[in-house]
Amino acid sequence: MPDHAFADPGLASLYDTLNPRESSGDFEFYLPMIMAAESVLDVGCGTGSLLHWARESGHTGRLVGLDPAEGMLAQARRRDDVEWVLGDLSTARWDSEFDFAVMTGHAFQVLLTDDELRTAFAAIRRALKPGGRFGFDTRNPARRAWERWTPDHVWQAGTVRSWNDAGPLVDGRVTFKTTFESPDWDAPKYSESTLRFLDVASLSAFVEEAGLVVDEQFGFWDRTPVTDASPEIITIVRRP
């Protein structure tokens, strides 16, 4: 089930304000790949901001956004020149239809089990045309980012304040609670999430098992190599 922060229409409407396009560098990194592809699948498209940007930048081909959260898709559907699909990779049935697929915003980390990862990679492989590529990002576990997900780090969107409170890493997974509060509300709102952290070797094993090939891998949006100090593991794989 989607996290409450994504399923709830009111909280979903705050997402782009709390997470603007320019805030992390991932959209600017992936946009040229999208613009160079005739057909694109955005997995976990959320509010659709990346595909909106592609249309605004002149993309004239097929753009498809897939997301399991109704609240986020309600925001995405502000544009009707993109195909918006409610669901996830376990329900996807595309066959050799896309030149490029993408999964931004660390959405890859919501795949919590080995079976979910295998299902996702198999669905991506099936959806891509031969030679098609898939770009995704996950936080580097060596950087232990969850240790900084504390109530001391607050985001603001208008009158709404938001912060995370994360637990420890257990079996490669971290569960955290997000609090949203506003003086305009009777009470705070909460959302709980769990994310999985995989290192390069583990990712590579799943990619190889799925019959995909790693084309490129970076440790940050400036295309620097992955090291233990890198905040990201950004991976571009290809269907042979």
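Small disclaimer: the values here were computed from a predicted structure and weren't measured.

Peer 1: Outline unusual backbone geometry, supporting the account with residue identities and numerical values.
Peer 2: In this structure, R144 takes a positive phi of about 50 degrees despite not being glycine. Look at D171: it is not a glycine, yet its phi comes out positive at around 55 degrees. Relative to the helices and strands, D171 is located in the loop between strand 7 (160-166) and strand 8 (173-181).

Peer 1: Explain the packing of helix 4 (residues 26-35) against helix 5 (residues 49-56) residue by residue, including any values.
Peer 2: Following both chains from N to C, one finds helix 4 and helix 5 inclined at 55 degrees, their axes separated by 10 Å at the closest point. Between helix 4 and helix 5, the angle is such that the two are oblique. The element helix 4 and its partner helix 5 pack so that their crossing is right-handed. Only S49, L50, W53 and A54 of helix 5 make contact with helix 4, whose side of the interface consists of F27, E28, L31, I34 and M35.

Peer 1: Tell me about the pattern of salt bridges, and name the residues and values.
Peer 2: One pass over the structure, following the stated rule, counts 17 salt bridges. Two residues, E83 and R62, come together in a salt bridge whose shortest N-O distance is 2.9 Å. Separated by 21 residues along the polypeptide, E83 in strand 3 (residues 83-86) and R62 in strand 2 (residues 62-67) bring together distant segments of the chain. What makes E83 partly exposed here is its relative accessible area of 35%. A relative accessible area of 26% places R62 in the partly exposed class. Each of R133, D215, E216, R223 and R238 takes part in salt bridges that share partners, so that together they form one network.

Peer 1: Can you explain the sheet that holds strand 9 (residues 189-196)? Please cite residues and give values.
Peer 2: Pairing is antiparallel in the open sheet, where four strands are placed in the order 6-7-8-9. Across the chains shown, the open sheet's two edge strands, defined by having one partner strand only, are strand 6 (154-157) and strand 9. Neighbour to neighbour, the strand axes of the sheet diverge by 25 degrees on average, direction disregarded. When strand 7 meets strand 8, the two strands line up antiparallel, connected through six bridges. Bridging across to strand 8, N164 finds its partner in T178.

Peer 1: So what about the environment of T104? Which residues, and what values?
Peer 2: Looking at the element boundaries, T104 is found in the loop between strand 4 (98-103) and helix 7 (114-127). Along the backbone, T104 and F136 are 32 residues apart, and their C-alpha atoms lie at a distance of 5.9 Å. Setting aside its immediate chain neighbours within four residues, T104 contacts D26, F27, Y30, V43, L50 and D137.

Peer 1: Outline the nonpolar core, listing residues and values.
Peer 2: By size, the foremost hydrophobic cluster in this structure holds 30 residues, and its most contacted members are L41, F108, F121 and F134. Elements that contribute at least two residues to this core include exactly strand 1 (39-43), strand 2, strand 4, helix 7, strand 5 (128-139), helix 8 (200-209) and strand 11 (232-238). If one sorts the elements of this core by residue count, helix 7 sits on top with six residues. For L41, the residues in contact, after removing those within four places along its chain, are V64, L66, W94, F98, F100, A101, V102 and A127. L31, C45, A54 and I234 belong to the second-largest nonpolar core, a separate cluster that totals 24 residues.

What counts, and where the lines are drawn
- Residues numbered from 1 in each chain as written.
- Predicted model: local features only at pLDDT ≥ 70, side-chain atom pairs only at ≥ 80, totals over all residues.
- Heavy atoms only, no water.
- Helix = DSSP H or I, 4+ residues; strand = E, 2+ residues; numbered from the N terminus.
- Axes fitted to C-alpha atoms, helices over the stretch in contact; angles between N-to-C directions.
- Parallel < 35°, antiparallel > 145°, perpendicular 65-115°, else oblique.
- Left-handed = near helix turned anticlockwise from the far one by under 90°.
- Contact = heavy atoms within 4.5 Å.
- Salt bridge = Lys/Arg side-chain N within 4 Å of Asp/Glu carboxyl O.
- Buried < 20%, exposed > 50% of the residue type's maximum accessible area, 1.4 Å probe, protein only.
- Pairing = 2+ DSSP bridges.
- Core = buried A, V, L, I, M, F, W, Y, C linked by side-chain atoms within 4.5 Å.

The analysis is restricted to geometry; functional conclusions fall outside its scope.
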